[in-house]
Amino acid sequence: MLPVLAPAVVAPLAWAGWLGWDQQRDVHPDGTTTGPYQPWQVIGPALTQLAPVYWATARRHPLAAVLGTSAGLTAAAYYDWSDDAGGLFVIGVGLVALGSLAATAAVTGAIGLARRALTGGGPPTVGHLP
């Protein structure tokens, strides 16, 4: 249970810490707007999430790392964006869910391969889920 809870709890905390405080769009002198997030604010939660993802993956729970991270980020996005009166936040939340699933799956795969290469383990067994 802990391997899925760790990434699921850290994800919304990282979202709140890095993204939750900046809700205003930046207006430039030419009238264009950007934001509300700066690139470093989006990179921050991704790097923060690496620790619990690595922890769960190293304990042979890559599926827990993927599902916990995706659930946590999706819940955080929903909570943060649900006050959007236009209703388009649902599309953004869906994209967060899909993107976090894909990105975390790729990262857990890379962590697993790197750990096997460093420890001298053999290739993964097809169809084996820890």
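Structure first, text after, so check above.
Notes on the structure follow. (Residues numbered from 1 in each chain as written. Predicted model: local features only at pLDDT ≥ 70, side-chain atom pairs only at ≥ 80, totals over all residues. Heavy atoms only, no water.)

1. Digging into the packing of helix 1 (residues 2-18) against helix 3 (residues 62-81)
The contact between helix 1 and helix 3 brings their axes to 7 Å, and the two run at 30°. Judged on the interaxial angle alone, helix 3 and helix 1 are roughly parallel. Of the two elements, helix 1 crosses helix 3, and the hand of that crossing is right-handed. On helix 3, the residues touching Pro-3, Val-4, Pro-7, Ala-8, Ala-11, Pro-12 and Trp-15 of helix 1 are Ala-64, Ala-65, Gly-68, Thr-69, Gly-72, Leu-73, Ala-76, Ala-77, Asp-80 and Trp-81. (Axes fitted to C-alpha atoms, helices over the stretch in contact; angles between N-to-C directions. Helix = DSSP H or I, 4+ residues; strand = E, 2+ residues; numbered from the N terminus. Parallel < 35°, antiparallel > 145°, perpendicular 65-115°, else oblique. Left-handed = near helix turned anticlockwise from the far one by under 90°. Contact = heavy atoms within 4.5 Å.)

2. Let's talk about unusual backbone geometry
Unlike most non-glycine residues, Arg-60 shows phi in positive territory, near 65°. In this structure, Arg-60 sits in the loop between helix 2 (39-58) and helix 3.

3. Description of the environment of Gln-49
Relative to the elements of secondary structure, Gln-49 occurs in helix 2. A relative accessible area of 6% places Gln-49 in the buried class. Sequence separation between Gln-49 and Gly-112 is 63 residues, and the spatial gap between their C-alpha atoms is 16 Å. With sequence-adjacent residues up to four places away left out, Gln-49 is seen in contact with Pro-7, Val-10, Ala-11 and Thr-69. Within polar-contact distance, the side chain of Gln-49 engages the backbone oxygen of Pro-7 at 3.0 Å. (Buried < 20%, exposed > 50% of the residue type's maximum accessible area, 1.4 Å probe, protein only. Polar contact = N/O pair within 3.5 Å; in protein donor to acceptor, adjacent residues only side chain to side chain.)

4. As for the environment of Val-9
One can find Val-9 in helix 1. With a relative accessible area of 45%, Val-9 lands in the partly exposed category. Distance from Val-9 to Thr-69, taken between C-alpha atoms, is 8.2 Å for residues 60 residues apart in sequence.

5. Focus on the side chain of Ser-70
Structurally, Ser-70 is set in helix 3. What makes Ser-70 buried here is its relative accessible area of 6%. Excluding its chain neighbours within four sequence positions, the residues that come into contact with Ser-70 are Ala-97, Ser-100 and Leu-101.

Don't take any of this as a statement about function, it's just geometry.
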